[in-house]
Amino acid sequence: MTVAKASASAKASGSAKTSGRSKGGAGAKTARATASSGARTPGATTKAARSRKGSGATSPGGSSSSGARAAGASSVRVVFLGGLGEIGRNCACIEVDGRILVLDVGIMFPDPDMPGVDLVLPDFTYLRENADRVDGVILTHGHEDHTGGLAYLLRDFPVDVYGSELTLGLARSRVDEAGMASRANFIPVRDHERRRIGPCDVEFIPVTHSVPHAFATAFHTPQGIILHSGDFKIDLHPVDGRRTDLARMGALASDPGIRLLLVDSTNAEEPGFTASESSVGASLEKIFLARPDRRFVVTCFASHIHRVQQVVDAAIGQGRVVATLGRSMQKNFALARKLDLLHIADSALVDIEDVDNYPPGRVCVVSTGSQGEPMSALSRLATGENRFFKLHPDDVVLISAHPIPGNEWSVGRVIDSLHRLGVEVIHSGVENVHVSGHAKQGELAMLMSVTQPEFLIPVHGEYRHMANQVRLAASMDIDGERVLLCEDGDAVRLDDSGLHRDGNEPGGYLFVDGSSVGDIGHGVLRDRMVLAEEGVVMAVATVDLKQGEVVGTPQIVTRGWAYDQDTDALLDEARTQVTRALEQALSSGNSDHETLNRVARKALGKLVGERTRQRPMIVPVIVTV
Ligand SMILES: [Zn+2]
Ligand SMILES: [Zn+2]
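Rules and cut-offs
Residues numbered from 1 in each chain as written. Chains lettered and ligands numbered in written order. Predicted model: local features only at pLDDT ≥ 70, side-chain atom pairs only at ≥ 80, totals over all residues. Helix = DSSP H or I, 4+ residues; strand = E, 2+ residues; numbered from the N terminus. Buried ≥ 20, exposed ≤ 12 C-beta atoms within 10 Å, placed from the backbone. Contact = placed C-beta atoms within 7 Å. Core = buried A, V, L, I, M, F, W, Y, C linked by C-beta atoms within 7 Å. Domains from an automatic or database assignment. Pairing = 2+ DSSP bridges. Axes fitted to C-alpha atoms, helices over the stretch in contact; angles between N-to-C directions. Expected span 1.5 Å × (residues − 1). Arc of directions from axis to C-beta. pLDDT = per-residue confidence, 0-100. Left-handed = near helix turned anticlockwise from the far one by under 90°.

1. Observations concerning the overall build of the protein
Next up, step 1: Within the protein, the regular secondary structure consists of 19 helices and 25 strands.
Next up, step 2: Burial analysis of the protein (625 residues in total) assigns 49% to the buried set.
Next up, step 3: Excluding contacts between residues fewer than 6 apart, the proportion of contacts in the protein whose partners are at least 24 apart in sequence is 73%.

2. Some words on the nonpolar core
Next up, step 1: With 147 residues, the main nonpolar core has I94, V102, L150 and V365 as its most contacted residues.
Next up, step 2: Each of domain 1 (3–272 + 436–510) and domain 2 (278–427) contributes no fewer than three residues to this core.
Next up, step 3: When neighbours within four sequence positions are excluded, V365 is seen to be in contact with F296, V297, A323, L325, I352 and V355.
Next up, step 4: In this structure, V550, L596, A600 and L607 belong to the second largest nonpolar core, which totals 22 residues.

3. Quick notes on the pairing of strand β19 (residues 490–495)
Next up, step 1: When you tally the buried positions in β19, you get five out of six residues, the bulk of the element.
Next up, step 2: Two elements, strand β1 (residues 76–82) and β19, share four bridges in a ladder whose sense is antiparallel. Residue R77 lies in a different strand from β19, and its bridge partner there is R493.
Next up, step 3: Sheet topology note: the β19/strand β20 (residues 498–504) ladder contains five bridges and is antiparallel. Paired with D490 across the strands is N504, a residue of β20.
Next up, step 4: Where β19 hands over to β20, the hairpin turn is made up of two residues, counted between the paired strands.

4. Some thoughts on the sheet that holds strand β22 (residues 516–517)
Next up, step 1: Taken together, three strands build an open sheet; the order of strands is β4-β21-β22 and the sheet is antiparallel. Two strands close off the open sheet at either side, each with one partner strand: β4 (119–122) and β22.

5. Regarding the sheet that holds strand β8 (residues 194–197)
Next up, step 1: The six strands lie next to each other as β8-β9-β10-β11-β12-β18, forming an open sheet whose pairing is mixed. A single partner strand is all that each edge strand has here, and the edge strands are β8 and β18 (455–459). On average, each strand axis in the sheet is inclined to that of its neighbour by 20°, with strand direction left out of account.
Next up, step 2: Here strand β10 (residues 214–221) runs beside strand β11 (residues 224–228); their pairing, made up of five bridges, is antiparallel. Bridge assignment links H220 to a residue of β11, and that residue is I225.
Next up, step 3: Where helix α9 (residues 246–254) meets the sheet, its contacts fall on β9 (200–207), β10, β11 and β12 (258–264), and the angle it forms with β11 comes to roughly 150°.

6. Digging into helix α14 (residues 408–420)
Next up, step 1: Taking 1.5 Å per residue as the helical rise, α14 with its 13 residues ought to reach 18 Å, and the 18 Å between its terminal C-alpha atoms agrees with that figure.
Next up, step 2: Among all positions in α14, only V411, V414 and L418 are buried. For α14, the angular spread of the buried residues around the axis is 60°, confining them to a single face. α14 presents W409, D416 and R420 as exposed residues on the side facing more than 90 degrees away from its buried surface.
Next up, step 3: Against the buried residues of α14 lie α13 (377–382), β16 (396–399) and β17 (424–427).
Next up, step 4: Downstream of α14 by one or two residues, G422 has phi in the positive range, about 90°.

7. Regarding the confidence of the model for the protein
Next up, step 1: Mean pLDDT over the protein stands at 88; residues scoring 70 or higher make up 89%.
Next up, step 2: Here residues 1–67 scores under 50 on pLDDT; set against residues more than four positions off or in separate chains, the count is 109 contacts.

8. Observations regarding unusual backbone geometry
Next up, step 1: Cis geometry marks the peptide bond from D255 to P256; its omega dihedral reads 10°.
Next up, step 2: Unusually for a residue other than glycine, H192 sits at a positive phi of about 70°.
Next up, step 3: Note on placement: H192 falls in the loop between β7 (184–188) and β8.
Next up, step 4: Given 12 C-beta atoms within a 10 Å radius, H192 is considered exposed.
Next up, step 5: For D477, which is not a glycine, the phi torsion comes out positive at approximately 65°.
Next up, step 6: Considering the arrangement of structural elements, one finds D477 in the loop between α16 (463–475) and β19.
Next up, step 7: Residue class for D477 comes out buried when judged on the 20 C-beta atoms lying within 10 Å of it.

9. Regarding the environment of R601
Next up, step 1: Here R601 shows up in helix α19 (residues 593–612).
Next up, step 2: Counting along the chain gives 20 residues from R601 to V621, while the straight-line C-alpha distance between them is 9.2 Å.
Next up, step 3: Filtering out sequence-adjacent residues up to four positions away, R601 remains in contact with I618 and P620.

10. Regarding α9
Next up, step 1: L246, M249, L252 and A253 are the residues of α9 that are buried. Buried positions in α9, seen along its axis, are confined to an arc of 125° and lie on one side of it. For α9, the exposed residues set more than 90 degrees away from the buried face come down to A247, A251 and S254.

11. Description of the packing of helix α10 (residues 278–289) against helix α11 (residues 305–317)
When two helices pack together, you describe them by how their axes are tilted relative to each other and by the distance separating the axes.
Next up, step 1: Relative to each other, α10 and α11 sit at 35°, their axes nearing to 9 Å. The interaxial crossing formed by α10 with α11 has right-handed handedness. Residue-level contacts link V280, G281, L284, E285 and F288 of α10 to R307, Q310, V311, D313, A314, A315 and G317 of α11.

12. Examining the environment of A541
Next up, step 1: Among the structural elements, A541 can be located in strand β23 (residues 536–544).
Next up, step 2: Residue classification places A541 among the buried positions, given that 24 C-beta atoms sit within 10 Å.
Next up, step 3: Not counting residues up to four positions away in its chain, the partners in contact with A541 are V550, P554, V578, L582, A600 and I622.

13. Re the environment of R528
Next up, step 1: Following the sequence through the fold, R528 ends up in helix α17 (residues 522–534).
Next up, step 2: In sequence terms R528 and M617 are 89 residues apart; their C-alpha atoms lie 9.6 Å from each other.
Next up, step 3: What R528 contacts, discounting residues up to four positions off in sequence, is P115 and G116.

Shown next, in the form of C-alpha cells:
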C-alpha cells in the first residue's frame, strides 16, 4: 500500500478535496470552485494516470466508455443528501433528463451531542420540492442506515420502492409501523435484473455484505454507467454462495466502461481484506463445543441472517434447540424463513417461554441487543428484567457483533452488568465472533482495479474514511482531478467534458424526537447541552409598570446547577442585582418586556459567571402588572 506516495500525488494534482468540513460556508464554496475547475481541466498528472490505466483509451474522455456515448448526450446530476460525512442516513439522487431516482433513504443514530434526539434523517427539502420529478426509490440493502428514513419520506409523498425481496421485507417493518404502507408501492427486483426505472436502465448487481441480498447498482445513463458499490465486501466464501459479482462489473468496465464509481468508504482506513463471514461459523462451533453443558445466549444484528444461520447451525449441530428473543429477531426469523434464506427445522425451534424446560446444554437463545440498546432484550437480561427467563451464573452470553461508533459505552455497560451476574461473556474483543460487512483497502483496490472508473466519488463514510478512499484511489492511479471528495448536500454534474461540482442542496440533519420531525434545530440542541452540562438558573420577578418598580423580591430558582460555597449569599446578591438592574431600566424609561428580560439576564448571568466560573442557562421570567 503506497498511501504516503498516493497522498502526495493527490496534493500535487491540485486537489482541493480535503478542504475543511463545511455545510456551505463561503470559504467552502471557494475551495469547491477550485476543485471544480480542477475537474474540468485535467492536468498532466491526469493524462499520465490515464495512460497508465492501460485501457487503451485515446479519446479525450480518457475511457473507452466515452466512445459508447452519443455526442451531446444530456448531462447527469448526482446530489448527495446524506451519508457523506457520517455513517448513516445514506441518501443520493441520480437525475437524468429532469427525472430523479433516489438511492437509499437511511437514518442515523444520534451522536452524544444530540441529547433527546431519537433519529437523524437526511434533509428531505430537495426531494419534497421536486416530488413530481421523483420516479422511484431504490434500496441497496436492508440496513436501517439505508432504509430507515423511508417511513418519513413517505409522509411527504408516495413513491415506488425497488429492492430485493428481503430488503423490502426489512424496510417494510418501519413503514408499516408508521402507517405509511399504502403510500409505498414495493417492487421486488432480482439479482442481475436490468430494469427501466424512470429515465434510465438500472441494473442490480449482487454484492456480499452483512445482510443477505445486497446490491451494487449500475445506472445506465446517457453519460455512461454510474456504478454505486452499495455497502459491500468481497467475500469469496459467503454463507449462501452468492458472491460479489466482480465478473459483471468487469464486463461493464470493458463495455461500455464505467464513467463514475461511487464507493463505500467505511473501512478505507483498514489495510488488508475483511475476513469471510464463514470464518465466524468455525469459531462459533469451537466455542459451543468447549461449553457443552452451558446455556448460550447469542446476540447479533437481527438482519444479519447469515450470522443467525451460523449460530443456529452451530447450536443445532450440537444437539441444542433454538429460541428467539426480541421483537426484531422474531420478525426477521419469520421473514427470512418465509423467503427461504434461513434454514431451520420446525422441530429445532422452541418458544422462549419454554427454555427453562430444557437442560442448559440443550438450549441456545438468539437475541437482539448487540448494540447495548437500553430497552433491548439483552439489556433487560443483564438487569434481570426479562420476563421470560433469567440468566444464571453458568450461562454464556456471546456478543457476535461489533459496537457501531457511538455505542461502545452502552455495550460496555451491558457487558459489565452481565459479569456482575457471574455470566461468561464472549465478544469480538476476545474471540473471532464477528467480521465486518465492509470492504477493506485490499478489496476497495480490487474493485477499483476491476471497474477502472473514469471518475470516482467516495461515499458512505465519515470524512476521514472518504479522505482515505481518495488516497487509496490515487495509489490505484485514479488520482487528482478524477476523484471528487464530496459532502452532504453537494451536487455534481457528469457531462461530455467530465465531472464537475454543481452547487449544493440542503443537506443538513433532520432531527426526530418522538413524533416531532424537524421541529428541533441546532438551537434547541445547544440549549439541551447547556442544560445537561451546567443546569439552569432562573430569576422570577414581578414589575409594576405604572409605579415603575419591582414588586417584592425576585425569586431565584435553580435546577441542575450546583455551587456549594456561599450559595445563599450568592442568591441574596442575585436578587439584589436583578432588582437593581430592573429598576435602572424602569427609571430610564425602558419598560418593554424584551429590555426587562435582557437586563435581568445580563445582571444574573454576569454575577453567576464571575463568582462561579460556570455558565448555566440563565432564564429571566418577568411578570408585569
Ligand atoms: Zn449496510
Ligand atoms: Zn450502510
